[in-house]
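These are the residues of each chain, in order.
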Amino acid sequence: MPTLILAGAGHAHLALLQRLRRQTLPSGWRVVLVSPPEPLTYSGMLPGWLAGHYALDELQIPLQRLIADGPVELHPGLIVRLDAAQHQIHLASGEALGYDLLSLDVGGVLADFSSAKPGPHGAKPGPVGAMQILPVRPLDTFIAGWQAFVDGREAQAGAQSSPAFARIAVAGGGAGAIELALAAAHTLRRWPKIEVHLIAPQSSLLAGHAPGVRRAAIQELGRAGIARVDARLVRGASGPALSTGQALEADLLIVATGAQAQPWLADSGLAVDSGGFVQVDATQRSSSHADVYAAGDVCARVDGPFARSGVHAVKAGPALTDNLLARMAGRPATALYRPRRSTLYLLACGPRRAVLSWGKWHSAGALEWQLKRWIDTRFMTRQRCGL
Ligand SMILES: Cc1cc2nc3c(=O)[nH]c(=O)nc-3n(C[C@H](O)[C@H](O)[C@H](O)COP(=O)(O)OP(=O)(O)OC[C@H]3O[C@@H](n4cnc5c(N)ncnc54)[C@H](O)[C@@H]3O)c2cc1C
């Protein structure tokens, strides 16, 4: 039986999973979703959860629910190797699965700063000396790590009859890092003493957004009392360090630097760009292998790069879906994903405020938060209900 493997339950695969809950599969095909068993966590609402505005189940959907009532089979597992010549993926469990058609939506990984030698699969949580390192991905590990850190500090303070205190550093200059720093400062304002630092070179702060958006975000950081450290996070002799040579002092270091390519793509045989991301055309098909598609953060478009973001991953989903269904039905796959010139981004600011970024335009305030909340909760309701 010919098999389509969906690698990763990322944002771009949601459209296909939804479509297959309503539509029968082209005859004879099987579709297998290969993903770690953790629920889908919607990153757009993660800062809102951290800030205390959402319950966890508002931003998570169990994978079983995403495929409920449809023909897609779930195969839990983590891909560690891809052999495009042999049409096989290899899992951490040692299993090898063959495919006739493959769609990659596995996102990226974070750089490992925890020791002088990089780990093979990206950043891992854990202590380095007195500092706890908490990479933002995988998101469910981040959620558990954050909860454990906060609960641990509060329990320790309670046992010593002293107020809870922490120095938190967030590394990264993108929207996600800024939102997490603002959310951490907001939620821990209940502690009598809290220091939050944002580590990012000035030039990388919201790179790609208009100057007004950067100014608005800097204002929000100032309002929240977040200190900015103009430096890059680098791998030092014994763990994470600052590119400027200043001391890095924090109880918790949240690593939210940009996504890097999954390391196993480099020797998969697929054409990749200089960063190791899978090169695809406007139909999201691999530029080297006609039976491989990729969308979301895992790919690089050969017809002109655009930002890696959840918005583009979601919006590429319908074209990817049309093309995979066409290929299974033996029809030409011609649907194109053409990103709009400007993309709407809404940055959560800790309290119920947000910064809106749309091309050259920006605005900030409580209405922007209401808009963000409406868009995000509607998106999650649709995914949950299969709409
Ligand atoms: C805090 C935060 C807030 C953000 N907010 C926004 C926002 O408001 N708007 C926006 O546009 N973007 C936002 N982003 C960026 C956004 O999260 C990513 O660009 C988006 O998730 C990319 O989607 P994706 O489908 O490519 O991959 P992902 O969403 O990362 O999904 C990848 C999937 O693949 C699975 N997977 C990973 N590795 C493997 C493997 N080896 N084998 C099998 N499965 C695997 C994962 O479990 C996951 O299910 C934010 C990011 C962060 C960190």
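Just so it is clear, the model here is predicted, and its values are computed rather than measured.

### Some remarks on the nonpolar core
Right, so step 1: Ranked by size, the top nonpolar core spans 87 residues in total, and within it Leu4, Leu46, Phe142, Trp146, Ile168 and Leu198 carry the most contacts.
Right, so step 2: The two domains that each donate at least three residues to this core are domain 1 (3-36 + 77-108 + 260-339) and domain 2 (126-259).
Right, so step 3: Here Leu4 is in contact with Leu16, Trp29, Arg30, Val31, Val32, Leu101, Leu102, Ser103, Leu324 and Met328, once residues within four sequence places are set aside.
Right, so step 4: Of all hydrophobic cores here, the second largest spans 23 residues; its members include Ile5, Val34, Leu91 and Trp264.

### Remarks on helix α6 (residues 211-223)
Counting along an α-helix, one turn takes 3.6 residues, and residues three or four places apart therefore face a common direction.
Right, so step 1: For α6, spanning 13 residues, the distance from its first C-alpha to its last is 18 Å, which sits close to the expected 18 Å at 1.5 Å a residue.
Right, so step 2: Of the positions making up α6, those classed as buried are Gly212, Val213, Ala216, Ala217, Glu220 and Leu221.
Right, so step 3: In the segment just after α6, Gly225 is the residue with positive phi, at about 75°.

### Looking at the packing of aromatic side chains
Right, so step 1: Tallying each qualifying case throughout the model produces 3 aromatic pairs.
Right, so step 2: Here Tyr54 and Trp369 contribute two aromatic rings whose centre-to-centre distance is 6.1 Å and whose plane-to-plane angle is 35°, an arrangement assigned as tilted. Of this pair, Tyr54 sits in the loop between α2 (46-50) and β4 (60-61) while Trp369 sits in helix α8 (residues 366-385), and the two are 315 residues apart along the sequence.
Right, so step 3: Directly above the ring of Phe277 sits Arg308, whose terminal nitrogen or CZ lies 3.5 Å from the centroid.

### Focus on the sheet that holds strand β10 (residues 126-128)
Right, so step 1: One open sheet accounts for 6 strands, arranged β10-β11-β17-β12-β13-β14; its pairing is mixed. What marks the edges here is a single partner per strand, and that holds for β10 and β14 (227-229). Sheet twist, expressed as the average angle between the axes of neighbouring strands with direction ignored, equals 25°.
Right, so step 2: For strand β11 (residues 131-135) and strand β17 (residues 252-255), the ladder comprises 4 bridges, and the chain directions are parallel. Across the sheet, Leu134 pairs through a bridge with Ile254, a residue of β17.
Right, so step 3: Against the sheet, helix α5 (residues 175-187) contacts β12 (165-171), β13 (193-199) and β17, and its axis sits at roughly 175° relative to β13.

### Observations concerning the site of the ligand
Right, so step 1: Looking at the ligand, there are 30 residues lining it, with His11, Ser43, Asp105, Asp297 and Val311 nearest.
Right, so step 2: Here an oxygen atom of the ligand and a backbone polar atom of Ala9 are 3.3 Å apart.
Right, so step 3: Ile79 places a polar main-chain atom, nitrogen or oxygen, 2.9 Å from a nitrogen atom of the ligand.
Right, so step 4: If the ligand stood free it would expose 1000 Å²; the protein chains cover 85% of that surface.
Right, so step 5: Those elements that provide at least two residues to the shell around the ligand are α5 and α7 (310-328).
Right, so step 6: The residue makeup of the shell around the ligand, split by class, is 13 nonpolar, 12 polar and 5 charged.
Right, so step 7: Two domains share the shell around the ligand, each providing at least three of its residues, namely domain 1 (3-36 + 77-108 + 260-339) and domain 2 (126-259).

### A short note on the domain arrangement of the protein
Right, so step 1: When the domains of the protein are assigned, the result is domain 1 (3-36 + 77-108 + 260-339) and domain 2 (126-259).
Right, so step 2: Between domain 1 and domain 2, the C-alpha centre-to-centre distance is 33 Å.

### Some points on the pattern of salt bridges
Right, so step 1: A full pass over the atoms with the stated rule returns 9 salt bridges.
Right, so step 2: In this structure, the salt-bridge partner of Arg30 is Glu73, at a minimum N-O distance of 2.8 Å. Separated by 43 residues along the polypeptide, Arg30 in strand β2 (residues 30-35) and Glu73 in strand β5 (residues 73-76) bring together distant segments of the chain.
Right, so step 3: Among the residues examined, Arg30 registers a relative accessible area of 30% and is labelled partly exposed.
Right, so step 4: Given a relative accessible area of 33%, Glu73 falls into the partly exposed group.
Right, so step 5: For Lys372, the salt bridge is made with Asp376, and the minimal N-O distance between the two is 3.0 Å. Here the residue Lys372 and the residue Asp376 both occupy positions in helix α8, the gap between them amounting to 4 residues, near one helical turn. Asp376 carries the same exposure label as Lys372, and that label is buried.

Here is what the cut-offs are and how they apply
Residues numbered from 1 in each chain as written. Predicted model: local features only at pLDDT ≥ 70, side-chain atom pairs only at ≥ 80, totals over all residues. Heavy atoms only, no water. Core = buried A, V, L, I, M, F, W, Y, C linked by side-chain atoms within 4.5 Å. Buried < 20%, exposed > 50% of the residue type's maximum accessible area, 1.4 Å probe, protein only. Domains from an automatic or database assignment. Contact = heavy atoms within 4.5 Å. Helix = DSSP H or I, 4+ residues; strand = E, 2+ residues; numbered from the N terminus. Expected span 1.5 Å × (residues − 1). Phe/Tyr/Trp six-rings, centres within 6.5 Å; stacked < 30°, edge-to-face > 60°. Lys NZ or Arg CZ within 6 Å of the ring centre and 35° of its normal. Pairing = 2+ DSSP bridges. Axes fitted to C-alpha atoms, helices over the stretch in contact; angles between N-to-C directions. Near = heavy atom within 4 Å. Polar contact = N/O pair within 3.5 Å; in protein donor to acceptor, adjacent residues only side chain to side chain. Areas by Shrake-Rupley, 256 points an atom, 1.4 Å probe, with all protein chains shown as cover. Nonpolar A, V, L, I, M, F, W, Y, C, P; charged D, E, K, R; others polar. Salt bridge = Lys/Arg side-chain N within 4 Å of Asp/Glu carboxyl O.

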